[in-house]
Amino acid sequence: MKSVPHATSLRRAPVQRRSAERLTRILDACAELLDEVGYDALSTRAVALRAGVPIGSVYRFFGNKRQMADALAQRNLEQYTERVTERLRKAGGGGTSRAGAAGRRGDWRAAMDAVLDEYLAMKRTAPGFSLVDFGNQIPVGARHTEPNTRVADRLTDLLSGYLGRIPDADLRRVFLVAVESADTLVQLAFRTDPDGDEAIITETRELLRAYLGRVLD
C-alpha cells in the first residue's frame, strides 16, 4: 500500500487499515483527476466518485480540495524520499554503519544522480505530479520557497549520513541552493519539452556537479 501523508496534513488521521486504504484511494483519485481536468476543475465530489467512496469520507480527511492537493504533495515527498533512499541503499550495498558511511564518503555524484533521476522519473510518471510535485505549484504557476526548503532539509538529513558529512547550516544552505537551481532548470526543461528537454537536463546535471564539487570534493 502507498504511504499516506503525515497526520498534520489531515483533518483526522486514519487509525484502522481500512481507513488508511480509503485515504489512499482518495489521494490516488485526486492525482488522476489533476492530470485529466486540472486543479481549477477539480472537486471533492468528483474525487469521491472516482475513488468510490461517500463524499463524507473525503470531508473526514479534508476540508477542501486545496488541503487534498497539499496532502498529495506531502505523499509525493514521502515517496520520493523512499525512492532515493532505496537507490542509495542499493548503491551502498545496504550498509548503514558508520564504517559503511565512511566507505562511501565522497560518492556525492552518485547521490546527486539518484536525487535528480528519481525526481525526473516521478515528474514523468507519477499522476498529478506535474501540477503539485512537492507543493509548490498550486495555484498553477505559483512558486513558493517553503516546499523547496522542506525538500532541501529532507535531502540534507538523508545524504549527510550517506556522504559522511555533518548536516550543519552550511550543508543545508548548499543543498537549498542546489534544489532551488535544479527546480528552476527542470521546470524550464519540461516547459520546453513535455517529456523534459534532455539537453537542458544535461546542462542541469553539469551545473549541479560544478556547484557541489567545490563543497563536497
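Further up the page is the structure itself.
Here the structure is a predicted model, which means the values were calculated and not measured.

Cut-offs applied
Residues numbered from 1 in each chain as written. Predicted model: local features only at pLDDT ≥ 70, side-chain atom pairs only at ≥ 80, totals over all residues. Heavy atoms only, no water. Helix = DSSP H or I, 4+ residues; strand = E, 2+ residues; numbered from the N terminus. Buried < 20%, exposed > 50% of the residue type's maximum accessible area, 1.4 Å probe, protein only. Contact = heavy atoms within 4.5 Å. Areas by Shrake-Rupley, 256 points an atom, 1.4 Å probe, with all protein chains shown as cover. Core = buried A, V, L, I, M, F, W, Y, C linked by side-chain atoms within 4.5 Å. Salt bridge = Lys/Arg side-chain N within 4 Å of Asp/Glu carboxyl O. Arc of directions from axis to C-beta.

A. Looking closely at the overall build of the protein chain. Check the secondary structure of the protein chain and you find 10 helices and 0 strands. Across the protein chain, helices and strands are ordered from the amino to the carboxyl terminus as α-α-α-α-α-α-α-α-α-α. Counting only residues that meet the buried cut, the protein chain has 46% of its 217 residues in that class. Long-range contacts, defined as pairs at least 24 residues apart, comprise 69% of the intrachain contacts of the protein chain with a sequence gap of at least 6. By element, 52% of the accessible surface of the protein chain is carried by carbon and sulfur atoms, the whole surface being about 11,000 Å².

B. Layout of the nonpolar core. Within the largest apolar cluster, 37 residues are counted, with the highest numbers of intra-cluster contacts made by Tyr80, Leu88, Phe134, Leu155, Leu159, Leu163 and Leu212. Where this core is concerned, the elements lending two or more residues are helix 4 (65–91), helix 6 (108–125), helix 8 (145–163), helix 9 (169–192) and helix 10 (198–216).

C. Structural context of unusual backbone geometry. Its identity as a non-glycine residue notwithstanding, Asp133 has a phi of 25°, on the positive side. Summarising the element assignment, Asp133 is placed in the loop between helix 7 (129–132) and helix 8. What makes Asp133 buried here is its relative accessible area of 1%.

D. Representation of the pattern of salt bridges in the model. All chains considered together, the criterion is met by 20 salt bridges. For Arg50, the salt bridge identified is with Glu32, shortest N-O distance 3.1 Å. Of the two residues, Arg50 is situated in helix 2 (residues 44–51) and Glu32 in helix 1 (residues 17–37); the sequence distance between them amounts to 18 residues. Using a relative accessible area of 35% as the deciding quantity, one classes Glu32 as partly exposed. Residues Arg50 and Glu36 are paired through a salt bridge, measuring 2.8 Å at the closest nitrogen-oxygen approach.

E. Spotlight on helix 2. Among the residues of helix 2, Thr44, Val47, Ala48 and Ala51 are the ones counted as buried. Along helix 2, the residues classed as buried sweep out an arc of 100° about the axis, all on the same side. Seen from the buried face of helix 2, the exposed residues on the opposite side, beyond 90 degrees, are Arg45 and Leu49. Structurally, helix 2 contributes buried residues whose contacts are with helix 1, helix 3 (55–61) and helix 4. Once helix 2 finishes, Gly52 follows within two positions and takes phi at roughly 70°, a positive value.

Taken by themselves, the reported measurements are silent on function.
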